[in-house]
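# Structure at a glance
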Amino acid sequence: MKKLMGVLVVVLSLFLALPVAAAAPDLPQNHQFYEEMTYLIEKGVITGYPDGTVRPDQQVTRAEATVMIGRLQGLDGTKRATPFRDVPAGHYASGYVAESAEAGYILGYGDGTFRPNAPIIRGDMALILERVFGLAFTFNQSFTDVPQNAYYTGAISKILAANITIGYPDNTFRPKQAVTRGQFSAFLARALEPEFKNDATIARSYQKDKTKTYTYHMSDGTTAVHRFVDVPDRNGMTYGFMWTAEVAGNTYEYMEFESHQLFAFGYPYSEYDVALVYPVRVGKTFNVGLGDEVIIHTITGVNKTVETPYKIFTNATEVTTQDGLRYYMAEGFSTIKSINAQGRVESELVGVE
């Protein structure tokens with residue numbers, strides 16, 4: 001009996017040591033969007049094709065995107081008549097198309113069609129995400145290929161602010177490019193979970209990890225605890241995911257905005273303040289504020305060694321304001337320390353969990 005139990009333990013240990021099987025035969029674990037698609041498969045948003053595949057690199061059609069949105073939102077997929085003449089009641093996606101149109105998630109074309117088999121483009125995808133997730137905040141950083149008067153410009157600004165996209169390294173968004181099923185899954189996952197929002201960052205990003213809690217010691221003896229959470233709507237205004245800081249029993253919200261040009265702190269239904277400009281170089285200056293409140297900031301050091309109670313940083317960027325305040329930022333940690341003109345530490349990072 002003991003020998004049999006020993007064999008069972010060995011066999012079980014071998015199974016536990018094996019890697020988890022891919023969610024579908026054509027979705028290997030090393031696929032760029034494996035985790036995002038697996039997450040949506042587990043939520044029932046993606047069900048795949050009759051042959052068991054999910055076809056991550058295939059262009060997602062407008063009908064398929066609507067079905068995914070419908071499942072995500074718990075809409076009734078029962079086939080029915082739709083407001084579009086090219087989506088009859090017998091179409092596999094008619095129920096989701098009808099309900100999504102009624103909910104305002106999707107729109108058709110001026111000729112009364114929906115074009116269900118056409119691939120969805122990135123600009124239209126941004127519009128759908130804006131409507132489905134009720135995105136309210138904008139980060140008006142211009143992509144070189146997104147005209148200010150394009151119908152999707154505002155939506156693209158909102159998914160940038162919501163850490164759903166970062167665009168491409170050449171500062172383009174490619175709004176007319178078709179979206180693959182894997183890419184669409186990534187955008188949905190980022191809208192839903194902070195863990196995936198961490199992927200919508202530039203190389204060598206200064207943003208904090210949205211799955212962790214950051215604690216700072218303030219000069220007045222208080223402690224500020226920063227968490228990335230889904231803030232409930234209030235006073236008829238939409239909030240959503242953002243950073244919250246709890247200080248001495250009070251809470252305030254802010255956002256970290258980042259593009260390929262700059263890093264900024266934004267405030268709900270207000271302006272944003274630029275904290276750093278890219279590429280980071282000593283001597284670069286930038287303005288913070290508006291009108292008579294403009295203050296000039298200068299990057300005065302890179303790869304600085306800065307000691308905090310949390311740890312010693314050796315890659316800190318130093319920024320000095322025109323009134324002598326110095327603050328230090330580190331990749332992946334945002335601001336780690338600030339010192340006023342008189343040398344007093346105004347805030348410093350004491351813990352990350």
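Located above this text is the structure these notes cover.
Residues numbered from 1 in each chain as written. Predicted model: local features only at pLDDT ≥ 70, side-chain atom pairs only at ≥ 80, totals over all residues. Heavy atoms only, no water.

### Observations regarding unusual backbone geometry
The phi torsion of most residues other than glycine is negative, and most of the peptide bonds are trans. Formally: Only DSSP runs of H or I reaching four residues or more are called helices, and only runs of E reaching two or more are called strands; each is numbered from the N terminus. A simple rule labels every residue: compare its accessible area, found with a 1.4 Å probe on the protein chains alone, to the largest value its type can have, and call it buried under 20%, exposed over 50%, or partly exposed in between.
Going from Y278 to P279, the amide bond is cis rather than trans, its omega being -10 degrees. Positive phi is not limited to glycine here, since N235 has a value of about 55 degrees. Positionally, N235 belongs in the loop between β2 (223–231) and β3 (240–247). Judged by relative accessible area, N235 falls into the exposed class, the value being 70%.

### Looking at the packing of helix α5 (residues 122–133) against helix α6 (residues 153–161)
The line we're drawing: Axis lines are fitted through C-alpha atoms, for helices just across the contact stretch, and the angle between N-to-C directions can take any value from 0 to 180 degrees. If you view the pair so one helix is near and one far, a crossing is left-handed when the near helix is turned anticlockwise from the far one by less than a right angle, and right-handed when it is turned clockwise. Residue contacts follow a heavy-atom distance rule, with two residues in contact if any of their heavy atoms lie within 4.5 Å. Three residue categories are used. Nonpolar comprises Ala, Val, Leu, Ile, Met, Phe, Trp, Tyr, Cys and Pro, charged comprises Asp, Glu, Lys and Arg, and polar comprises the others, including Gly.
Taken N-terminus to C-terminus, the directions of α5 and α6 make an angle of 65 degrees; their axes are 8 Å apart at the nearest point. When you trace α5 past α6, the crossing you get is left-handed. On α6, the residues that touch M125, A126, L127, L129 and E130 of α5 are A155, I156, K158 and I159. Looking at the contact of α5 with α6, its residues break down into seven nonpolar, no polar and two charged.

### Notes on the packing of aromatic side chains
For the record, the criterion: Here a pair means two rings of Phe, Tyr or Trp (six-membered ring of Trp) with centres within 6.5 Å. Their orientation is stacked below 30 degrees between planes, edge-to-face above 60, and tilted elsewhere. A ring is considered to have a charge above it if a Lys NZ or an Arg CZ atom is located within 6 Å of its centre and within 35 degrees of its normal.
Throughout the structure, instances matching the rule amount to 20 aromatic pairs. In textbook terms, an aromatic cluster arises when at least three aromatic residues are bridged by ring pairs, as seen for Y214, F228, F241, W243, Y252, Y254, F263 and F265. Directly above the aromatic system of Y49 lies the positively charged group of R55, at a separation of 3.7 Å from the ring centroid. Here R62 stacks its cationic end above the ring of F114, 4.4 Å away from the centre of that ring.

### Some words on the pattern of salt bridges
Our working rule: For this analysis, a salt bridge means a side-chain nitrogen from Lys or Arg found within 4 Å of a carboxyl oxygen belonging to Asp or Glu.
Across all of its chains, the model carries 16 salt bridges by this definition. The salt bridge involving R174 is made with D170; its shortest N-O contact spans 3.5 Å. The exposure class of R174 is partly exposed, given its relative accessible area of 30%. Classification of D170 as partly exposed rests on a relative accessible area of 45%.

### Brief notes about the environment of N198
We count it as follows: Whenever two N or O atoms come within 3.5 Å, that pair is a polar contact, provided that in protein one can donate a hydrogen and the other can accept it, and provided that, for residues adjacent in sequence, both atoms are side-chain atoms.
On the secondary structure map, N198 appears in the loop between α8 (194–197) and β1 (214–218). Under the relative-accessibility criterion, N198 is labelled partly exposed at 21%. Measuring from C-alpha to C-alpha, the distance between N198 and T138 comes to 18 Å, with 60 residues separating the pair along the chain. Every residue in contact with N198, bar those within four places of it in the chain, is listed here: K208, D209, K210 and T211. Looking at N198, its side chain comes within polar contact range of the main-chain nitrogen of K210, at 3.0 Å.

### Observations concerning the nonpolar core
Among soluble globular proteins, nonpolar side chains are generally buried collectively. For clarity, the cut-off: Definition of nonpolar core: a set of buried residues of the types Ala, Val, Leu, Ile, Met, Phe, Trp, Tyr and Cys, connected through side-chain atoms within 4.5 Å.
Within the largest apolar cluster, 96 residues are counted, with the highest numbers of intra-cluster contacts made by F184, L188 and I336. Non-local contacts of L188, meaning those with residues more than four positions away in its chain, are made with L40, V45, M68, I69, L72, L129 and F133.

### Remarks on the layout of surface pockets
Heads up, the rule is: Space inside and on the surface of the protein is sampled on a 1 Å grid over the protein atoms alone, with a cavity defined as a set of points where a 1.4 Å probe fits but cannot get out and a pocket as an open set with protein on both sides within 12 Å along at least 5 of 7 lines; lining residues have an atom within 4 Å of a point. Grid points are joined across faces, edges and corners, and a volume is the space filled by probe spheres set on the points.
Taken as a whole, the largest pocket encloses approximately 670 Å³ of empty space. Around the largest pocket, the lining comprises 24 residues; the ones closest to its centre are F265, Y267, Y327, T335 and S347. Counting residues per element, the lining of the largest pocket draws most heavily on strand β11 (residues 334–339), which supplies five residues.

### Here we look at the environment of Q148
With respect to the element layout, Q148 can be found in the loop between α5 and α6. For the pair Q148 and V277, spaced 129 residues apart in sequence, the C-alpha to C-alpha distance is 22 Å. Those residues within four positions of Q148 in sequence are excluded, and the remaining contacts are S142 and T153.

### What about the sheet that holds β1?
Spelled out, the test is: In this description, strands pair whenever DSSP reports at least two bridges between them.
The 12 strands are arranged β6-β5-β4-β3-β2-β1-β12-β11-β10-β9-β8-β7 in an open sheet whose pairing can be described as antiparallel. Each of the sheet's edge strands pairs with one partner strand only, and the pair in question is β6 (272–277) and β7 (285–288). The sheet shows a mean angle of 35 degrees between the axes of neighbouring strands, direction not considered. Here seven bridges tie strand β8 (residues 295–307) to strand β9 (residues 312–321), and the two strands are oriented antiparallel to one another. Note on β9: the bridge partner recorded for V306 is F313.

### Digging into the side chain of S338
You can see S338 is positioned in strand β11. Given the relative accessible area of 10%, S338 is considered buried. Sequence-distant contacts of S338, defined by excluding residues within four places in its chain, comprise L325, R326, Y327, R344, V345, E346 and S347.

### Looking at the side chain of R190
Rules: When charges are tallied, Lys and Arg are placed among the positive residues and Asp and Glu among the negative ones, while His and the ends of the chain are skipped.
The topology assignment puts R190 in helix α7 (residues 181–192). Despite being buried, R190 has no salt bridge partner; E36 is the closest side chain of opposite charge, sitting 5.0 Å away. Apart from residues no more than four positions distant in its own chain, R190 is found in contact with F33, N163, I164, T165, F196, K197, D199 and A200.

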